[in-house]
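What follows is each chain in one-letter form.
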Amino acid sequence: MVTEFRDKNYWALILGGSSGLGLATARKLARHGMNVIIIHRDRKAELPDIEEAFEEIRNADVRLESFNVDAIQKEKRNGLISEIKKILNEKGKIRTMVHSIAKGNLKPMTGEGPILENTDFQLTLDAMALSLYDWTQEIFHANLFAKDARVISFTSEGNQKAWANYAAVSVAKVALESITRSMALEFAPHGIRANCIQAGVTVTRSFQLIPGSDTLREHALKRNPFKRLTIPNDVANVVYLLSKDEACWITGAIIPVNGGEHLK
């Protein structure tokens, strides 16, 4: 195993890293020698299994620090930045920041039950798009990014296609991509690269909450040239590739990681 990040005081900050794509990314980067900070929001009943997964990461002989705190609230974020400063202790720097927050409202626009409202859009947009910018700014102003840093977030095919009950998340994904392009442009002089990974249909906890997810899953299997779904490790592998020195010339990109699922 190549551990090219070891002994460089590099850290990965993963927002939403207790399951799915975020957890797979933490495992992958740790195996290559990167220390990890995970910020997640989970119920107490889920913590024993989560801590077990975190302990496996620590066994990769890296440091892992975690905070079960809502990363979206500004006052909480300010406190977390102070804690991160202490952990990095001036010598450590954040090489890779991964935004994997999945907190949104999945409601229909019509019907007899609760329908999508303006506040649902606002909550989803803030959590799944604007928080990427908020965190990037906070880390930047705290001077915690490495000289060559990578900001990576996750989008989906819902950025272009309309799925029932997915409107608020779809809006957030489009905004996330737009923010990423603008950050890639404006933060480039400061050595920060920003990219979005468009993952294929991946059966994660958040995906299973989407109404009609079984239909989406079946349709993706039919379209995929390899006749299988994307798994979290597929996405984590590309986060790792984007974190390497050789990927320094990739920025402002929306990168499909789906085995060709988008081709038809």
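The rules behind each value
Residues numbered from 1 in each chain as written. Predicted model: local features only at pLDDT ≥ 70, side-chain atom pairs only at ≥ 80, totals over all residues. Heavy atoms only, no water. Disulfide = S-S within 2.5 Å. Buried < 20%, exposed > 50% of the residue type's maximum accessible area, 1.4 Å probe, protein only. Helix = DSSP H or I, 4+ residues; strand = E, 2+ residues; numbered from the N terminus. Contact = heavy atoms within 4.5 Å. Salt bridge = Lys/Arg side-chain N within 4 Å of Asp/Glu carboxyl O.

Here we come to the state of the cysteines. Applying the stated criterion across every chain, the model contains 0 disulfides. C248 supplies the cysteine sulfur nearest to C196, a cysteine that is in no disulfide, at a spacing of 19 Å. The class for C248 is partly exposed, based on a relative accessible area of 28%.

Considering the arrangement of structural elements, one finds S153 in strand 5 (residues 145-155). Residue classification places S153 among the buried residues on the basis of a relative accessible area of 0%. In this structure, S153 is in contact with H99, L132, L176, T180, N195, C196 and I197, ignoring residues within four places of it in sequence.

So, about the pattern of salt bridges. Any two side chains of opposite charge can pair, on the condition that their charged atoms come close. Evaluation of the coordinates by the stated rule reveals 19 salt bridges. With a closest N to O distance of 3.1 Å, D148 and R193 form a salt bridge. Linking D148 in strand 5 with R193 in strand 6 (residues 192-199), this pair joins segments that are 45 residues apart in sequence. Among the residues examined, D148 registers a relative accessible area of 19% and is labelled buried. Through salt bridges with shared partners, one network takes in R95, D148, R150, R193 and D245.

Remember that the coordinates give geometry; whether it matters functionally is a separate question.
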